[in-house]
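Structural description and commentary
Here is what each chain is made of, one letter per residue.
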Amino acid sequence: MIALLIARNTFREASRDRMLFGALGAGAALLLATQLLGPLALGEGVRLTVDLGLSGITFLGLILVLMVGTSLVSKEIDRRTIYNLLSRPLARHVYLAGKWAGLTATLWTVALAMGAALSLLLAVRGHAEYVPGIAQATVLAAFELAVVTSCAVLFSALSTPVLSALYTAAVFLLGQWSYDLRAFADRFPAPVSDLCRLAANVVPNLPVFNVRTLAASAQCAPAAHVLIAGAYAAVYCACMLALATAAFESRDFK
Amino acid sequence: MPETRHPSQPRGAVTGDEPAIRTRGLCKHYRNPWTLRVTQGLADLDLEVRRGEVFGYLGPNGAGKTTTIKLLLGLLQPSSGGGTVMGEPLGSIASRRHLGFLPEQPYFYDSLTGPEYLEFTGRLSGIGAHDAHGRARHWLGRVGLGGREKLPLRKYSKGMLQRLGLASALLHEPDLLILDEPMSGLDPFGRRDVRELILEQRERGATVMLSSHILPDVEMLCDRVGVVLGGRLVRTATVDDLVAVRQQKVEIRCTGAPLVAMPERWQTHVTRFELPEGTTFVLDDAHDLNDVLAWLVGARAVIRAVTPQRPSLEDFFLSVAESQASEQRTA
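Read on for a plain summary of the structure. (Residues numbered from 1 in each chain as written. Chains lettered and ligands numbered in written order. Predicted model: local features only at pLDDT ≥ 70, side-chain atom pairs only at ≥ 80, totals over all residues.)

So, on to the packing of helix H1 (residues 2-15) of chain A against helix H3 (residues 114-124) of chain B. Packing of H1(A) against H3(B) brings their axes to within 10 Å, and their N-to-C directions diverge by 160°. The angle between the axes of H1(A) and H3(B) places the two elements in the roughly antiparallel class. Note that H1(A) runs across H3(B); the crossing there is left-handed. For the pair H1(A) and H3(B), contact is made by A:Ile2, A:Leu5 and A:Asn9 and by B:Phe120, B:Arg123 and B:Leu124, respectively. (Axes fitted to C-alpha atoms, helices over the stretch in contact; angles between N-to-C directions. Helix = DSSP H or I, 4+ residues; strand = E, 2+ residues; numbered from the N terminus. Parallel < 35°, antiparallel > 145°, perpendicular 65-115°, else oblique. Left-handed = near helix turned anticlockwise from the far one by under 90°. Contact = placed C-beta atoms within 7 Å.)

See the structure below:
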């Protein structure tokens, strides 16, 4: 209940941030750009629209995580707004869970708005068969953003906003390359291969949330894939928040 | 043992011997992670704040006031020692149920409005949604911010933020109020309003612990004060006890004495000021008062007023701080 209050407050704060309107404006501009570039794509205009539109959801979501999420906790510590909250009867893990849930809800709203705009655009242009794939890809992109946000909350609870942003961006990139890291591990000798394997196991397996190629072909992934990806995201987020709590629980606020 | 209270009894006026705040040997050390150098924030604090009293916590900057408050709230973990707040372990969630806290120079969420912020913090303190809505509007008006319901907090002045912070600390009618520099940033009207609110809380039966640099306010409000210096609590007493032990000065104002030379035997403890409206003599104590008056009358001076000067808490505080500093230099 308390976590929901904090989540609601975080959502309200984030939804009034100019950054959010900037992201939505950039999303609209991206969709417009796909319409202008479509005729140059030699018959692949719809595919280009779907691919770029869905990539835009992840990219703009990532920008929001880096700009807002990585300072989510550290900004509260720097500005001492956290004193007003932690001096009340609430546990620190509840606070962290609430912050994560609030920002995740904000990102899901952005993803939903962009997914809906993309679907509407294609439906209006007579390509309604792409809509189920776009809906599925949007849901998976939202899961992906929840995972990246949990990493941002962990780093934000431990470090400064700039370093948190760098760490989160690094985790996102390594997560996107997690299959490549496993491939590298097989090709290099012992210390390097161990390191690559360790990195591949620790960073989130983000390609599991990427079904953009299927959506761009008006196809859907099996429902089981979405369920497994959802469960994976939930477990990964829980692990990150548990780590953040462990670090945050005994932290002194000087 | 469960707390028993008649419905008509104020929430803070809990019967029982357990003080509102009790610490035993509370210490806080900070270790620099790079140099490993240890800095003492607070040493061996044994503090008791009784239920229903207004307790002033005094000390210069860096003395350990805010460190103590943060330890009581659980924002810092003690290096050693412990204590209770309203009978609950220090820093526990249960202890924070009884608390209202105003931090020094409070900051809030920029894009929220006053009522939104108060509702949010009220609900975090356990008030239901409907009740929080009503109380938020009531307290906004009570601290003089009524009519600004739609103004985002980024447009609030420093004094307005201080008032909002106070409303947020009081909204849930806590048994114990901890106020860190509550008068900071307020104009004289604001200070008067805060003084009235604090006295109102005492009437309600709440315990108030406040730290402040504005000593006349502390003197006016507090039943007892504690003085912390260099991370150590050096004295706890009632304001009257603290100032009564000091010598009482006496001021004599007269006219017609500018050319009269003062006898040499009084030079060390009688100070003379020549002012346009007459001459003022300040006696360090009342011991020589009759002799000085007799001498002035004999010298044909006209006595206009004889005023005993009650030593202020400020005098006491400065003398304790100076004596502590000289002891440290000697050591």
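All right, on to the pairing of strand S7 (residues 176-180) of chain B then. Residue and element names in this part refer to chain B. For S7, the tally of buried residues reaches five of five residues, placing the bulk of the element in the interior. Of the two faces of S7, the one lined by Leu176, Ile178 and Asp180 and the one lined by Leu177 and Leu179 are each fully buried. Note: S7 against strand S8 (residues 207-211), five bridges, orientation parallel. Each residue of the ladder has a partner; that of Ile178, found in S8, is Met209. (Buried ≥ 20, exposed ≤ 12 C-beta atoms within 10 Å, placed from the backbone. Pairing = 2+ DSSP bridges.)

For the rest of this paragraph, the subject is the sheet that holds strand S13 (residues 278-283) of chain B. Residue and element names in this part refer to chain B. Taking strand neighbours across the sheet as the criterion, the four strands line up as S12-S13-S11-S14 in an open arrangement whose pairing is antiparallel. Of all the strands in the sheet, the pair left with one neighbour each is strand S12 (270-275) and strand S14 (302-309). Taken pair by pair, the neighbouring strands of this sheet meet at an average axis angle of 20°, ignoring direction. Relative to S13, strand S11 (residues 249-255) runs antiparallel, the two being bridged by five bridges. What sits directly across from Arg253, in S13, is Thr280. The strands that helix H9 (residues 289-298) touches are S11, S12, S13 and S14; relative to S11, the one it contacts most, it runs at about 5°.

Every contact between the two is made by 24 residues of chain B and, on the other side, 21 residues of chain A. Within the residue set of the side of chain B that touches chain A, elements represented by two or more residues are helix H1 (65-73), helix H2 (93-96), strand S6 (99-102) and H3 of chain B. Ranked by the residues each element gives to the side of chain B that touches chain A, the list is headed by H3(B), at four residues.

All right, on to helix H3 (residues 45-67) of chain A then. Residues and elements named next belong to chain A. In a regular helix each residue adds 1.5 Å, so 23 residues correspond to 33 Å; H3 covers 32 Å between its end C-alpha atoms and thus fits that length. For H3, the full list of buried residues reads Thr49, Val50, Gly53, Leu54, Gly56, Ile57, Thr58, Leu60, Gly61, Leu62, Leu64 and Val65. Looking at the buried residues of H3, the elements they touch are helix H2 (18-37), helix H6 (92-124), helix H7 (131-158), helix H8 (161-176) and helix H11 (212-216). (Expected span 1.5 Å × (residues − 1).)

Residue and element names in this part refer to chain B. Across the sheet, four strands lie side by side as S2-S1-S4-S5; this open sheet has antiparallel pairing. Of all the strands in the sheet, the pair left with one neighbour each is strand S2 (38-49) and strand S5 (88-89). Here strand S4 (residues 80-85) pairs with S5 via two bridges, running antiparallel. Considered in S5, the bridge of Thr84 is made with Pro89.

With that out of the way, let us pick up the environment of B:Leu296. Residue and element names in this part refer to chain B. Tracing the backbone through its elements, the reader meets Leu296 in helix H9. The sequence separation of Leu296 and Thr68 amounts to 228 residues, and the corresponding C-alpha distance is 53 Å. Not counting residues up to four positions away in its chain, the partners in contact with Leu296 are Cys254, Ala257, Ala301 and Ile303.

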